[in-house]
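A look at the structure
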Amino acid sequence: MKHRIAARPFDYTLAAGATALVVIDMQRDFIEPGGFGASLGNDVSRLLPAVAPIAALLAAWRTRGWPVIHTREAHRADLSDCPPAKRLRGNPARRIGDPGSMGRLLVAGEPGTEIIAALSPAPGETVIDKPGKGMFWATGLHEALQSRGITHLVFTGVTTEVCVQTSMREANDRGYECLIVADATESYFPEFKAAALEMLTAQGAIVGWSTDSKTLLAALY
Ligand code: C5J
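These remarks concern the structure in this document. Since the structure is predicted, the reported quantities are computational estimates derived from the model, not experimental observations. (Residues numbered from 1 in each chain as written. Predicted model: local features only at pLDDT ≥ 70, side-chain atom pairs only at ≥ 80, totals over all residues. Heavy atoms only, no water.)

1. Considering the sheet that holds strand β8 (residues 152–158)
One key point about sheets: their strands pair by backbone hydrogen bonds, in either a parallel or an antiparallel sense. Spatially, the six strands line up as an open sheet ordered β7-β4-β3-β8-β9-β10, and their pairing is parallel. In this open sheet, the two strands that pair with only one neighbour each are β7 (126–130) and β10 (209–211). Going from strand to strand, the sheet's axes swing by 25 degrees on average, the running direction of each strand aside. Contacting β3 (19–24), β4 (68–73), β8 and β9 (177–186), helix α3 (residues 51–64) runs over the sheet at an angle of about 150 degrees to β3. Packed on one face of the sheet, helix α8 (residues 213–220) meets β8, β9 and β10 and runs near 125 degrees to β9. (Pairing = 2+ DSSP bridges. Helix = DSSP H or I, 4+ residues; strand = E, 2+ residues; numbered from the N terminus. Axes fitted to C-alpha atoms, helices over the stretch in contact; angles between N-to-C directions. Contact = heavy atoms within 4.5 Å.)

2. Some words on the site of the ligand
Close to the ligand lie D25, F30, E73, V158, T159, V162 and C163. At 2.7 Å, a side-chain N or O of D25 approaches a nitrogen atom of the ligand. Bound to the protein, the ligand loses 91% of the 230 Å² it would expose on its own. Of the residues that constitute the shell around the ligand, the class distribution is four nonpolar, one polar and two charged. (Near = heavy atom within 4 Å. Polar contact = N/O pair within 3.5 Å; in protein donor to acceptor, adjacent residues only side chain to side chain. Areas by Shrake-Rupley, 256 points an atom, 1.4 Å probe, with all protein chains shown as cover. Nonpolar A, V, L, I, M, F, W, Y, C, P; charged D, E, K, R; others polar.)

3. A closer look at the layout of surface pockets
In this structure, the largest pocket encloses a volume near 460 Å³. Lining the largest pocket are 23 residues; nearest its centre among them are F36, L40, E73, K133 and V162. Listed by contribution, the elements that provide at least two residues to the lining of the largest pocket are α2 (36–39), α4 (84–87) and α6 (160–173). (1 Å grid on protein atoms, 1.4 Å probe; cavity = no way out; pocket = protein on both sides within 12 Å on 5 of 7 lines; lining within 4 Å. Points joined across faces, edges and corners; volume = space filled by probe spheres on them.)

4. Notes on the packing of α6 against helix α7 (residues 190–205)
Packed helix pairs are specified by the crossing angle of their axes together with the interaxial distance, meaning the distance between the axes. Two numbers describe how α6 lies on α7: the axes approach to 10 Å, and their chain directions differ by 15 degrees. Compared by their axis directions, α6 and α7 come out roughly parallel. The way α6 lies across α7 gives a crossing that is right-handed. When α6 is examined against α7, the residues T160, E161, Q165, M168 and R169 are found in contact with a partner set consisting of F192, K193, A196, L197, M199 and L200. (Parallel < 35°, antiparallel > 145°, perpendicular 65-115°, else oblique. Left-handed = near helix turned anticlockwise from the far one by under 90°.)

5. As for the side chain of T201
Examined against the element boundaries, T201 turns out to sit in helix α7. At 2.8 Å, the side chain of T201 and the backbone oxygen of L197 are in polar contact. Apart from the residues lying within four places of it in its own chain, the contact partners of T201 are R8, P9, I206, G208, W209 and S210.

What follows is the structure in structure tokens.
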């Protein structure tokens, strides 16, 4: 069954059962004070508006038994998957791997890499730790999606212009039909969010489509 979703720059066709909801990096390190996002000098409260729309989309996907993918930006404890080009970039208050109030920043298994309680993964949902900004780099995710017959991806999460945009571009190159949900993604920089949404959808959906959660949910019922 197909669902037609009003979207920009034109309608998106969602394939029921073959469309995964992707929730990018809704982890404490980006959303809560004391984590990696805050260590870069960001106002983490700017990301909170995405939480309720993502929760509503998760409920819709779970009701239907459709696939859900959660990602976390997380490195090995020895940081062997965190190149100097990432760890030493800039002059943050604390770097990846340094101790913080939620454990070592962006290190797998530390409290800061947990997905926030409001969006906790349900049993059976895929959770991947990714060392890069994109969700396909060094994760094996493409093969996992292919083996499940997933052809369409609906993107949510943070931050719009960094890990969400990178993941959506990677997905587009691998042949997935990609939709981003504008109110279910946030950035520390509203102007970057707006620009990313424009770039992704420009030139006849060059990377993919955008819609909002209410429009998407209404089209599923
Ligand atoms: C960043 C992310 N912003 N999840 N990560 O470093 O967007």
